[in-house]
Amino acid sequence: MNPQKRQQIFARLRAENPHPTTELAYSTPFELLIAVILSAQATDVGVNKATARLYPVANTPAAIRALGLEGLKGYIKTIGLFNTKAENIIKTCNILISQYDGEVPQTRAALESLPGVGRKTANVVLNTAFGHPTIAVDTHIFRVSNRTRLAPGKDVVEVERKLNKFVPPEYRQDAHHWLILHGRYTCIARKPRCGSCIIEDLCEYKDKTIDR
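This is a predicted model, so every value here is computed, not measured.

A. Molecular detail of the packing of aromatic side chains. In this structure the tally under the stated criterion is three aromatic pairs. Judged by centre distance (5.9 Å) and plane angle (20°), the ring pair of phenylalanine 10 and tyrosine 171 falls under stacked. Here the residue phenylalanine 10 occupies a position in helix α1 (residues 3-16), and tyrosine 171 occupies one in the loop between α9 (156-166) and α10 (172-185), the gap between them amounting to 161 residues. Consider the rings of tyrosine 171 and tryptophan 178, whose centres lie 6.2 Å apart with planes at 65°: the pair is edge-to-face. Accessibility classification places tyrosine 171 together with tryptophan 178 in one group, the buried group. For the cation-ring pair, arginine 6 lies above phenylalanine 166, with the distance from its terminal atom to the ring centre recorded as 3.9 Å. Across the ring face of tyrosine 205, the terminal group of arginine 147 is positioned such that the distance to the ring centre comes to 5.2 Å.

B. Molecular detail of the nonpolar core. Counting 34 residues, the largest nonpolar core has Leu33, Ile34, Ile64, Leu72, Ile89 and Leu111 as the members making the most contacts within it. At the level of secondary structure, the elements contributing two or more residues to this core comprise α2 (29-39), α3 (44-54), α4 (61-76), α5 (82-100) and α7 (119-129). Ignoring anything within four residues of it in the chain, the contact list for leucine 33 reads Thr92, Leu96, Val104, Leu114, Val117, Thr121 and Val125. Residues Leu13, Val137, Ala151 and Cys187 belong to the second largest nonpolar core, which totals 22 residues.

C. Spatial organisation of the packing of α1 against α10. Contact geometry of α1 with α10 gives a least axis separation of 11 Å together with a crossing angle of 80°. With respect to each other, α1 and α10 are oriented roughly perpendicular. Here Phe10, Leu13 and Arg14 of α1 come into contact with α10, specifically with Ala175, Trp178, Leu179 and His182. A class-by-class count of the residues in the contact of α1 with α10 yields five nonpolar, one polar and one charged.

D. How the structure looks around empty space enclosed by the protein. Counted according to the given criterion, the structure contains two cavities of 30 Å³ or more. One number sums up the size of the largest cavity: a volume of about 80 Å³. Taken together, 13 residues form the lining of the largest cavity, with Cys187, Pro192, Cys194, Cys197 and Cys203 sitting closest to its centre. Residues belonging to the lining of the largest cavity are distributed by class as follows: six nonpolar, three polar and four charged. Within this model, the second largest cavity holds a volume of roughly 30 Å³. Every residue lining the second largest cavity is listed: Ile9, Leu13, Val144, Thr148, Leu150, Leu179, His182 and Ile199. Per-class residue counts for the lining of the second largest cavity are six nonpolar, two polar and no charged.

E. Structural context of the pattern of salt bridges. Counted by the stated rule, this structure contains ten salt bridges. Where aspartate 201 meets arginine 12, a salt bridge forms, and the shortest distance between an N and an O atom there is 2.5 Å. Linking aspartate 201 in the segment after α10 with arginine 12 in helix α1, this pair joins segments that are 189 residues apart in sequence. Of the charged contacts in the structure, one is a salt bridge between aspartate 211 and lysine 191, with a shortest N-O distance of 3.6 Å. With aspartate 211 in the segment after α10 and lysine 191 in the segment after α10, the pair connects residues that are 20 residues apart, well separated along the chain. Residue class for aspartate 211 comes out partly exposed when judged on its relative accessible area of 28%. You can call lysine 191 partly exposed: its relative accessible area is 38%. When salt bridges that share partners are traced, they join Glu23, Asp44 and Arg184 into one network.

What counts, and at which threshold
Residues numbered from 1 in each chain as written. Predicted model: local features only at pLDDT ≥ 70, side-chain atom pairs only at ≥ 80, totals over all residues. Heavy atoms only, no water. Phe/Tyr/Trp six-rings, centres within 6.5 Å; stacked < 30°, edge-to-face > 60°. Helix = DSSP H or I, 4+ residues; strand = E, 2+ residues; numbered from the N terminus. Buried < 20%, exposed > 50% of the residue type's maximum accessible area, 1.4 Å probe, protein only. Lys NZ or Arg CZ within 6 Å of the ring centre and 35° of its normal. Core = buried A, V, L, I, M, F, W, Y, C linked by side-chain atoms within 4.5 Å. Contact = heavy atoms within 4.5 Å. Axes fitted to C-alpha atoms, helices over the stretch in contact; angles between N-to-C directions. Parallel < 35°, antiparallel > 145°, perpendicular 65-115°, else oblique. Nonpolar A, V, L, I, M, F, W, Y, C, P; charged D, E, K, R; others polar. 1 Å grid on protein atoms, 1.4 Å probe; cavity = no way out; pocket = protein on both sides within 12 Å on 5 of 7 lines; lining within 4 Å. Points joined across faces, edges and corners; volume = space filled by probe spheres on them. Salt bridge = Lys/Arg side-chain N within 4 Å of Asp/Glu carboxyl O.

So, to be careful, I would describe these as geometric facts and stop short of saying anything about function.
Structure below.
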């Protein structure tokens, strides 16, 4: 795919959605961090339902730690892998309190050192909470990048590297949100809705559909 096509793709995505953001509900960097940890192999809708119960009761590292492991599980038990996630969240809260005065760190290395936080989660927090032009590659973005040929790669790290190289600088801050939403609602896994896609003529996918 040539640079002109990439430029047009992001110009159209921005025109359709000038101010994209995550569909996870949060009001502080810490709330976003916990929501993203919970979102692994879970839907944003499911996470939002759980955090709507949790955050009015506990939305700081100290408050969640005070709930204790079993107390926290009671709020997130509707989410997949909740036992492991609860353990990681309690450990993360302990680290934030002991090493960062209860604040969420703003470097990738520090974020990735937290239990339950991988590269994707760190990129989401850096981008959405702190305004860094990072691109978090999840299953949706991996699929869209390969299917459209926007930034093809054999794994998420290669796709992230290519997106950082190929996405025009003026679009990099919001690229993650545009691509994840495009993958979630239009370029879906089972059968893409090419018939209603605003970048269909720019996409290099060979097996386009007429679905809307």
